[in-house]
Amino acid sequence: MNPKRKQRLLIILGMVFGLGIAVGLVMYALSQNINLFFTPTQIATGTAPNDQFIRVGGMVREGSVSRDPTSLKVAFDVTDFDHNVRVTYTGILPDLFREGQGVVVQGRVHDGLFAATEVLAKHDENYMPPEVTEALRQSGQLDKMMGKN
Amino acid sequence: MFAEFGHFALVTAFAIAICQGMIPLYGYATQQDTLIATAKPLALLQGFALAVSFAVLTHGFLVHDFSIHYVANNSNLYLPWYFRMSAVWGAHEGSLLLWALILAGWGVAVSLFSRGIPEHMAAIVLSVMGMIGIGFIAFMLFTSNPFERLLPFAPANGKDLNPLLQDPGLIFHPPMLYMGYVGLSVAYAFAMAALIAGRLDATWARWSRPWTTIAWSFLTFGIALGSWWAYYELGWGGWWFWDPVENASLIPWLVATALMHSLAVTEKRGLFRSWTVLLAIAAFSLSLLGTFLVRSGVLTSVHAFANDPERGVFILGFLIVVIGGSLTLYAIRAAAVSEPGRFGWLSRESWLLFNNLMLTVLAVSVLLGTLYPLLVDAVGGGKVSVGPPFFNAVFVPLTAILVSFMVFGPLTSWQHMKDTRQYRPLIVAAIVSILVGALWPTQMLGDYSIASALGTVLALWLVLGTLLDIWQRRLEYGSAWVMARKVGAGFFGMWVAHIGVAVTVFGVAMVENHTEHRDVRMGPGDVQALGPYEVRFIQMESLQGPNYSSEMGTFEVWEGSRLYQAVTPEKRVYSASQMTMTEAAIDPGFTRDLYIALGEPLGDGDWAVRLSIKPFVDWIWGGSFLMGFGGIIAILDRRYRRARARQQQPVTPAEQATVV
Amino acid sequence: MRRALLWLPLGVFAILAAFFFRGLSLDPNAQPSALIGRPVPAFALSELHSGAALTGQDLPQGPYLLNVWASWCITCQVEHPYLTELSKTLPIVGLNYKDERTAAQNWLAKLGDPYVLHLFDVDGQLGLDLGVAGAPETFVVDATGVIRARVQGEVNARTYARIIAPALAAGRAP
């Protein structure tokens, strides 16, 4: 094998090796960091794992939002109209958070309560997060949903 | 009938694009110089037609012509004139028109500044760009016509521009970003021309280099502006969210960065040719993919403003033609390219190869993370999301490795470096960086952080390494003055850009590790401590804007017993869309930003309030600006002008060796 | 070996393209209505101007369009001229949704009235039964009083050609 070929072979081997390690690491990081999506029904019936970082989508049930009078603690129900999940959160809710509107929360289930670390509200009147649609479709309630106000 | 005139101009541009895509290429294939010569005039004509079309749409916005569907959907009688200008590209149809206009603009630039390039090469380049134009204009004409009328009765008022986009940031962010995205089409077209003409050599790399660099600069500015806009307009103080749309701009940027560096090797040493061509194809393809991700609704996100599967099918077809076609051509033609010459293990080539490897891995990881939810959904794995933890876990360590080796490339000679004496002062640089970096976090707010120390070490190491390179050049040339004249703008550009990277790295390390951040409940009269300051909530008042109503809070920031500043964050409700927007109050500073934003009212006059101090946050964008500015300096290199003056003389190997 | 390697990028892209094609058919925003193929739900509402009681008996003979609108809805203004044009050939029933009586009357007085019948649904009762997610929405009702199609958002030449016209044609066919 001439030196030029040898060098090229070594370079290619090095690249394959490097890329292999990189892809392995990326896949490992992916498996550690994906957030599975669940519906309120799945949580109420216990199909969703406890104490694991997940996402839940649904509508904020009308009249369910209650605030702590002295802090930023807030609790509300996320519903797919079959089952509700009680969500607790501390912090500032997004501008588009409203009762009767779609919402996606990220966090963990603990003792039947969902402790959210992040609340994402739907973006505008024409847009609904796909997860919300999915949850409502799964519960067969999509078409009974109320929109405005 | 003014709008019809715009539509007519668009149809004309379409016809011209078809000619531009076909005739010069046919002329090249059949060796007819008269047909080849049509390329430049056609490119100018297409630019003119699209400029007319764009001007007509802008006119429609300025005079409130709500009989145009697009205007009715994105403007309003009460929208200020400057937002009516930027509303032209505020939604799907108009932003496509801007895309096409910028593409044609690049075509005009190529036809004006390509005198040093053989006529037939420029013609093929313009032909390829014409073909891309055909796709985009057809997309507009057949699925998203911005001139569609609402006749016979036009609404009296429009729906208003999405309030998120009613911001000065939006006036510049999309045009800059598109300049970058579309500018990569020039590098792509050069690569295709080289493949078609079978001329993949150092000369090709030299032609294509300034175009790549300038497109990269625009892309850098565009991304930085977008991040800055997100920071103060929708981010609640965050500056990067790993949102699919952000990733869609970051991925081409990473690939274009790799392309710039590998083009250097191809130009100077004639190596990495087929790899460089592949990168040029990949960079533009990924820009198109970015457009696809945003427009088709395949990945929905905060930014996706046109979710329409029919359009998605069109874009996908277009992508298959453009990307599939070019990769097929690549597979057929690149086989004939041989790689002459070798390089030693310790050489600038090796370091640039390492740079390319790291940047490619970064780009692939971001792409994988962005597409993963789509891949899982497509195989029936349900809805998942990939959040920032993944991207941070992958991006941060890889970038740290890349940055720590960045200093070596410029200090190393081409081909083979026998003498490692030039590296020796780096030991001092390393010691200084580690000492200063390790101590730095103790000077900042909050706890000691290893990550912050590491970021500081890296940034300082990169700055010192770059200064060492400048110093060694100075020694080489004898005096700073001689060096400044002899060394060439390319080197200055590189130094500025590399220092920009250091500045951004430092900013990120500080913001991510030393931000003081509190969400609190406050009513008028309440006081909260924030770092060295005291924040007093003075009052709330209601205001009326041109197309919104606002609740404005007044906060006083006290430094001890001295009033430092009063700031007024707002909560706005836009009348037409009834959307609520948060306008944060930001007091920018060289070493920190003071950030105060109103959350929601909590009853009894209390509000949720976000208070934070963000150390060195503006360095993130300052560094990005330096990077982009470095690119602009680099293209001023007299080498490119000389190449033009010298006309079509082939570059001899001896000449290649003398060009540093 | 090297030649095969050069085809690799194309292969990777082909796989990606296949996924994208699959992704396109997974429309994240599709909201099918369970009411398609069923009659308009029963209701007891009042007439917008007179306040007279209205029920399903008062609906016109189909085919007609049932348009959900409100004075607070800007898109309704945008689609209004097109509806006015359509109303010359096709009856349109207006369902005024979660609105104020006077605001709605003024709106019609100002912009013109394309409707043959005005239902006033202040609580969104019928809207809820129809599964309305917002305004505007438009339902295509055939000659037998059965809902054939639904347009969410603006009615215009494009949505007419894509959704309404095929539904009308299907309703006419036996």
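For clarity, every value in this text was computed on a predicted model and none was experimentally measured.

Novice: Describe the interface of chain B and chain A, and please don't skip the residues or the numbers.
Specialist: Across the boundary between the two partners, chain B contributes 45 residues, which contact 37 residues of chain A. Here chain B packs against chain A, burying approximately 3500 Å² in sum over the two surfaces, 65% of which is carbon and sulfur. The three residues of chain B that bury the most area against chain A are Lys383(B), Ser385(B) and Arg521(B), which together make up 17% of that side's buried surface. Across the contact surface, chain B and chain A share 2 salt bridges. Arg67(A) is the salt-bridge partner of Glu600(B), the closest N and O atoms lying 3.1 Å from each other. The interface formed by chain B and chain A includes 9 residue pairs in polar contact (both at pLDDT 80 or more).

Novice: Could you give me a rundown of the packing of aromatic side chains, with the residues and numbers involved?
Specialist: All names here are of chain B. Throughout the structure, instances matching the rule amount to 44 aromatic pairs over all chains. Ring centres 5.7 Å apart and planes at 85° place the aromatic pair Phe-61 and Tyr-70 in the edge-to-face group. Per residue, the accessibility class of Phe-61 equals that of Tyr-70, and both read buried. Ring centres of Trp-106 and Phe-218 lie 6.2 Å apart, and the angle between their planes is 80°; on these two criteria the pair is classed as edge-to-face. Here the residue Trp-106 occupies a position in helix 6 (residues 92–112), and Phe-218 occupies one in helix 9 (residues 202–234), the gap between them amounting to 112 residues. Take Trp-106 and Phe-218: they sit in the same class, and that class is buried.

Novice: Residues and numbers for the sheet that holds strand 2 (residues 53–55) of chain C, please.
Specialist: Residue and element names in this part refer to chain C. On the basis of which strands lie adjacent, the open sheet formed by 7 strands has the order 2-1-5-4-3-6-7 and mixed pairing. Looking at the sheet topology across the chains shown, the edges are occupied by strand 2 and strand 7 (147–152). The average angle at which neighbouring strand axes cross in this sheet is 30°, direction not considered. Sheet contacts for helix 3 (residues 101–111): strand 1 (44–47), strand 3 (64–69), strand 4 (92–97) and strand 5 (117–121); angle to strand 3, the most-contacted strand, approximately 125°. Against the sheet, helix 5 (residues 157–172) engages strand 3, strand 6 (137–141) and strand 7, with an angle of about 170° to strand 7.

Novice: Any details on the environment of Leu130(C)? Residues and values, ideally.
Specialist: Residue and element names in this part refer to chain C. Topologically, Leu-130 is positioned in helix 4 (residues 125–130). Leu-130 gets classed as buried once you look at its relative accessible area, which sits at 0%. Taking the C-alpha atoms as reference, Leu-130 lies 7.8 Å from Val-40; in sequence the two are 90 residues apart.

Novice: Hey, could you go over the nonpolar core for me, with residue numbers and the actual values?
Specialist: If you look at the biggest cluster of nonpolar residues, it comprises 194 residues, and the most contacted ones within it are Leu50(B), Trp106(B), Ile137(B), Trp204(B), Leu254(B) and Phe20(C). Structurally, this core is a two-domain feature, drawing no fewer than three residues from each of domain 1 (1–161) and domain 2 (517–618) of chain B. Trp107(C), Leu117(C), Phe139(C) and Ile147(C) belong to the second largest nonpolar core, which has 41 residues in total.

Novice: I'd like a description of the domain arrangement of chain B, backed by residues and values.
Specialist: The domain boundaries assigned to chain B delineate domain 1 (1–161) and domain 2 (517–618). The gap between the C-alpha centroids of domain 1 of chain B and domain 2 of chain B is 43 Å.

Novice: Please set out the sheet that holds strand 2 (residues 516–522) of chain B residue by residue, giving values where relevant.
Specialist: All names here are of chain B. The sheet built from 4 strands is open, its strands ordered 2-11-10-9 with antiparallel pairing. The open sheet has two edge strands, strand 2 and strand 9 (585–587), and neither has a second partner. Averaged over all adjacent pairs, the angle separating strand axes in this sheet is 15°, with direction ignored. With 7 bridges joining them, strand 2 and strand 11 (residues 606–615) adopt antiparallel strand pairing. Looking at strand 11, one finds that His-517 is bridged to Ser-612.

Novice: If you had to explain unusual backbone geometry to someone new, which residues and values would you point to?
Specialist: All names here are of chain B. Its identity as a non-glycine residue notwithstanding, His-64 has a phi of 55°, on the positive side. Inspection of the secondary structure assignment puts His-64 in the loop between helix 3 (39–62) and helix 4 (69–74). Overall, the relative accessible area of 21% leaves His-64 in the partly exposed class. In this structure, Phe-616 takes a positive phi of about 55° despite not being glycine. Residue placement: Phe-616 occurs in the loop between strand 11 and helix 20 (617–635).

Quick notes on the rules
- Once a new chain begins, its residue numbering starts again from 1 and follows that chain's sequence as written.
- By the order in which they are written, chains take letters starting at A while ligands take numbers starting at 1.
- In keeping with the model being predicted, local features are shown solely for residues with a pLDDT of at least 70 and side-chain atom pairs are shown and tallied solely at 80 or more, while totals for entire chains, interfaces and linings include all residues.
- Excluding hydrogens and water, the side-chain values take into account all heavy atoms of the structure.
- Any two residues whose heavy atoms approach within 4.5 Å are treated as being in contact.
- Note: buried area is the sum, over both parts, of the accessible area (probe 1.4 Å) each one loses when the two are combined.
- Take a side-chain nitrogen of Lys or Arg and a carboxyl oxygen of Asp or Glu: if they are within 4 Å of each other, that pair is a salt bridge.
- Two N or O atoms form a polar contact when they lie within 3.5 Å of each other; inside protein one atom must be a possible hydrogen donor and the other a possible acceptor, and for residues adjacent in sequence the pair counts only when both atoms belong to side chains.
- Two rings from Phe, Tyr or Trp (for Trp, the six-membered ring) form a pair when their centres sit within 6.5 Å of each other. Planes less than 30 degrees apart are called stacked, planes more than 60 degrees apart edge-to-face, and all others tilted.
- Categorising residues by exposure relies on relative accessible area from a 1.4 Å probe, with only protein chains included: less than 20% of the type maximum marks a residue as buried, more than 50% marks it as exposed, and the intermediate range marks it as partly exposed.
- A run of DSSP states H or I qualifies as a helix once it reaches four residues; a run of E qualifies as a strand once it reaches two. Both are numbered from the N-terminal end.
- What makes two strands pair is DSSP finding at least two bridges between them.
- Here an angle of 0 to 180 degrees is reported between the N-to-C directions of two axes, which are lines fitted to C-alpha atoms, with helices fitted over the stretch in contact.
- Side-chain atoms within 4.5 Å are what join buried Ala, Val, Leu, Ile, Met, Phe, Trp, Tyr and Cys residues into a set we call a nonpolar core.
- Domain start and end points were adopted from an automatic or database domain assignment.

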